[in-house]
Every structure is written in structure tokens, then in C-alpha cells.
Amino acid sequence: MEYRVSKKEGILLLVIVMTNQLLLNIPNNFLKSTSTGLFLNTIYITIIAVVFALLIAKLFKSFATKDILDVSEYLGGKVLRVIIGIAYITFFVIISTTLVRYMAHSLTVIYFSSTPIAFILLLFLVPAAYINCLGLKAIARMNILIILAALFTMIIIGISLFQDLDFNYLFPILGYGINETFLIGISNIAVFSLFGFLYFLPPLLREPNDFRKISIISVAISGAYLIFTSTLLLVVFPYITHSNELMSGFLLARLVEYGEFIQRIDALFIFIWILATLSYISITLFFILSIFKKLTGIKRQSVIAPSIAILILGLALAIQRSSNLEFIEQYIYKYFALILIFGFSFLILLLATLKQRRNS
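For the structure given in this document, a descriptive report is provided here. All of these numbers come straight from a predicted model, not from anything done at the bench.

**Quick look at the overall build of the protein chain**
- Within the protein chain, the regular secondary structure consists of 13 helices and two strands.
- The globule rule puts the C-alpha radius of gyration for 360 residues at 21 Å, and the 20 Å found for the protein chain is close to it.
- Taken along the three principal axes of its C-alpha coordinates, the protein chain extends 65 × 45 × 35 Å.
- Expressed as a percentage of the 360 residues in the protein chain, the buried residues total 55%.
- Sequence separation of at least 24 residues holds for 83% of the intrachain contacts in the protein chain that already meet a minimum separation of 6.
- Roughly 15600 Å² of accessible area belongs to the protein chain as shown, and the carbon and sulfur atoms make up 68% of that amount.
- Computed over 26 positive and 16 negative side-chain charges, the inter-centroid distance for the protein chain is 15 Å.

**Side note on a positive patch on the surface**
- Together, K58, K61, R212 and R357 make up a region of like positive charge exposed at the surface.
- Here R357 lies in helix 13 (residues 322-359).
- Judged by relative accessible area, R357 falls into the exposed class, the value being 51%.

**Structural notes on the packing of helix 1 (residues 7-21) against helix 6 (residues 136-160)**
- Where helix 1 contacts helix 6, the two axes come as close as 9 Å, and the packing angle between them is 55°. Considered as vectors, helix 1 and helix 6 are oriented oblique to each other. Helix-helix and strand crossings are classified by hand; for helix 1 and helix 6 the assignment is left-handed. Each of K8, E9, L12, L13, V15, I16 and T19 in helix 1 lies in contact with helix 6, whose residues at this interface are A140, R141, N143, I144, I147 and L151.
- Residues that form the contact of helix 1 with helix 6 fall into these classes: eight nonpolar, two polar and three charged.

**Looking at the layout of surface pockets**
- Roughly 570 Å³ of internal volume is contained in the largest pocket.
- Lining the largest pocket we find 23 residues, and of these E2, F286, S290, K293 and Q301 sit closest to its centre.
- Put simply, the parts of the chain that give the lining of the largest pocket at least two residues each are helix 5 (117-134) and helix 11 (266-296).
- Counted by class, the lining of the largest pocket contains 11 nonpolar, five polar and seven charged residues.
- Along the walls of the second largest pocket sit 19 residues, with N29, S33, N188, Q330 and K334 positioned nearest its centre.
- For the lining of the second largest pocket, the secondary structure elements donating two or more residues are helix 2 (26-34) and helix 13.
- A class-by-class count of the residues in the lining of the second largest pocket yields eight nonpolar, seven polar and four charged.

**Focus: a nonpolar patch on the surface**
- Among the surface-exposed residues, V79, I83, F344, L347, L350, L351 and L354 lie close enough to one another that they form a single nonpolar patch of about 590 Å² accessible area.
- Elements with a minimum of two residues in the nonpolar patch: helix 4 (68-110) and helix 13.
- Ranked by residues supplied to the nonpolar patch, first place goes to helix 13 with five residues.
- Here L350 lies in helix 13.
- Using a relative accessible area of 31% as the deciding quantity, one classes L350 as partly exposed.

**A few points about the pattern of salt bridges**
- All told, the structure shown has seven salt bridges when counted by the stated rule.
- Of the charged contacts in the structure, one is a salt bridge between D67 and K294, with a shortest N-O distance of 3.1 Å. Of the two residues, D67 sits in the loop between helix 3 (38-59) and helix 4 while K294 sits in helix 11, which places them 227 residues apart along the sequence.
- Take D67: its relative accessible area is 4%, and that puts it in the buried class.
- The class of K294 is partly exposed, set by a relative accessible area of 28%.
- For R81, the salt bridge is made with E73, and the minimal N-O distance between the two is 3.2 Å.
- E73 sits in the partly exposed class, given a relative accessible area of 30%.
- Within this structure, E2, R4 and K293 form a network of salt bridges that share partners.

What counts as what
Residues numbered from 1 in each chain as written. Predicted model: local features only at pLDDT ≥ 70, side-chain atom pairs only at ≥ 80, totals over all residues. Heavy atoms only, no water. Helix = DSSP H or I, 4+ residues; strand = E, 2+ residues; numbered from the N terminus. Rg over C-alpha atoms; globule rule 2.2 N^0.38 Å. Buried < 20%, exposed > 50% of the residue type's maximum accessible area, 1.4 Å probe, protein only. Contact = heavy atoms within 4.5 Å. Areas by Shrake-Rupley, 256 points an atom, 1.4 Å probe, with all protein chains shown as cover. Lys, Arg positive; Asp, Glu negative; His and termini not counted. Charge placed at Lys NZ, Arg CZ, Asp CG, Glu CD. Patch = residues over 30% accessible without salt bridge, like charges linked within 9 Å, V, L, I, M, F, W, Y side chains within 5 Å. Salt bridge = Lys/Arg side-chain N within 4 Å of Asp/Glu carboxyl O. Axes fitted to C-alpha atoms, helices over the stretch in contact; angles between N-to-C directions. Parallel < 35°, antiparallel > 145°, perpendicular 65-115°, else oblique. Left-handed = near helix turned anticlockwise from the far one by under 90°. Nonpolar A, V, L, I, M, F, W, Y, C, P; charged D, E, K, R; others polar. 1 Å grid on protein atoms, 1.4 Å probe; cavity = no way out; pocket = protein on both sides within 12 Å on 5 of 7 lines; lining within 4 Å. Points joined across faces, edges and corners; volume = space filled by probe spheres on them.

Right under this line is the structure:
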């Protein structure tokens, strides 16, 4: 019998997605587009995300044990199912490749300048492929410990830097203006890529009725974390920060000191976020394999885990420059998420619900 996740495990599986998206310097990218309007913008998109989660949960009530592939097949047959499946595999591969390449790049810059980047990439991908051979239970249990440690670490950093906070950096509160903060800034909701995973969660739940609670709670926690980390970056560093090449969280951690004896806790921060990245890659790989299994009908999805890991490795090595990573983060990832997750998938779910009500 296949393992089913509990409510707590489901929530934390989604929260790890958001915490790792913030590793991709997304708060700093938000700063560039909204300036000091960052604080209001993150609150604004979090409210929209919570409303969107409510809508998703309501629409999925008609498909309690189905995922977006099943809903697509109900609406448009096997052709639409295959199209959506391939689109999500592509999306998950892109975000996995970008994150693991970004982490490898950051580790090379910070600590391992003489280490081949392929070796660092393998340190993420080999364990991720192996844990997928152990199944969802191992992934979910591992993730609980890692995500709690990651969240706790950032909170400790925020508390430790309290004396360095300058709330004058929050002004002018609207940044570049209302248009950039609220109209153009609504596109920043793409950071909630956890919705892409949420569409595939219902069949994995131990209790299907928990889907609504999981959706709302995970989005609320992720939104609070986004607001906290983005605002912390804004009130510690002057706008525009110098953190283009390194993760913003690392720069914050590097400022933390406890007297003369405990300094440079950034090494602990990096270690925990390496584990968080590993957990995220494992989860993303699991969803890629699950989609592939449903599309092809293979009996054991774990047998192709090494092949997908090799694909991600090859794509990550193909990204030679940090400017290419930045382009993927700001454009390919962002607009792919907006179109696929918040556009096409939501439309499919809505139309399928209307079709079911009409036929009932």
C-alpha cells in the first residue's frame, strides 16, 4: 500500500517549497522591482495567495482524490492530460535545475572555490535520487526535521539582528508608486510556486478532507515567511543591496555575532540550507516521477530517478554564467509559473468543476 501523508506532513511539504524559492534571491529581485514598496507588496500578494488557496480548495471539493492530471483528463481527454503532465515536468525540472545550480554556485563562491561544481551538484542530486527509491514516507519524515530547522534558523537571525534594523528603510512606503507596488507587483505572486505542488497533493493525503486546511495553512505560513524575510532584508540593508551574487539569507547570517567567542554563524546557516535544498530537490523529484508514472504507466517510478537526476545535472552544468541564472529566475521561472499555475491549471480546474455541475 502506498504511503499517504498526514496533515502536518502535507503542510510542511508545501512550506519547504516557499523557503527554498527564497534562496533564489527572490527578495532581492523584489527589491529591484518594488523598491521600498516591498513590504506592502509582499503583504498584498500573500493576501491574494490565501484567497487563491481558498478558491483551489473549493474547486477541488468536486475532485477530492484527484490531481490536476485527472481533472485535465476529465475535461479534455488524454491529450490535455499529457500536455499538462509534460508542462509540469518541464516546470519542475526548470526550478530544480535553477535552485541546485544556484546553491552550487553560492557554495563555490563562499567556501569551495577550487572544487569542481559538478561534484557539488552531485552532492545534492545523488542523495535526492536515493531517497526517492525509499519512497514518500522517507521524504516526508526527513522534511519535517529540516524545514523546522530552516524556519527556526531564520527567526533566530531576525531576532539577533534586531539592533541593526533601521525601519526608515521602509519609506517611502509605496516605493516606486502604486502602479509598481500593486498593479505590476501582482506578478510577484509567482513566488508561490507551491500551488504547482498543491495541484498534485489530493491523491497523496491520508485524509482527503484535510486538503482545504493544508492549502490555507501552508500558504499562510509561507506568506508570513515571505513577509518576514523580505522585510528583514529591506530594513537591514539599504536599498539596492549588493547581494546579486549570493543568497540574501547568507548575507544576513554573516552579520550575526554573539560576543567575541561566537561569530560567523553563517556556516551553520549554510549547512541547514544545504539540507533544505536537498529536501526540496527530493520532493520535486518525487513529483516529477509521479507525473511520469501516471503518463507512462510504469510500475515503479523510482527506477527512473537516476535518469531524471542526470538530466538535471546536465542542465545545471549547461548554465555557465550567473547572469543566465538571473534571467531564468526573473523571466522564465516567473512567467512559466504565472501562465501554467495561476492561469492554465486554474482555468482547467474551474471548467472541469462547471462541467461536473452541469452533468450532475
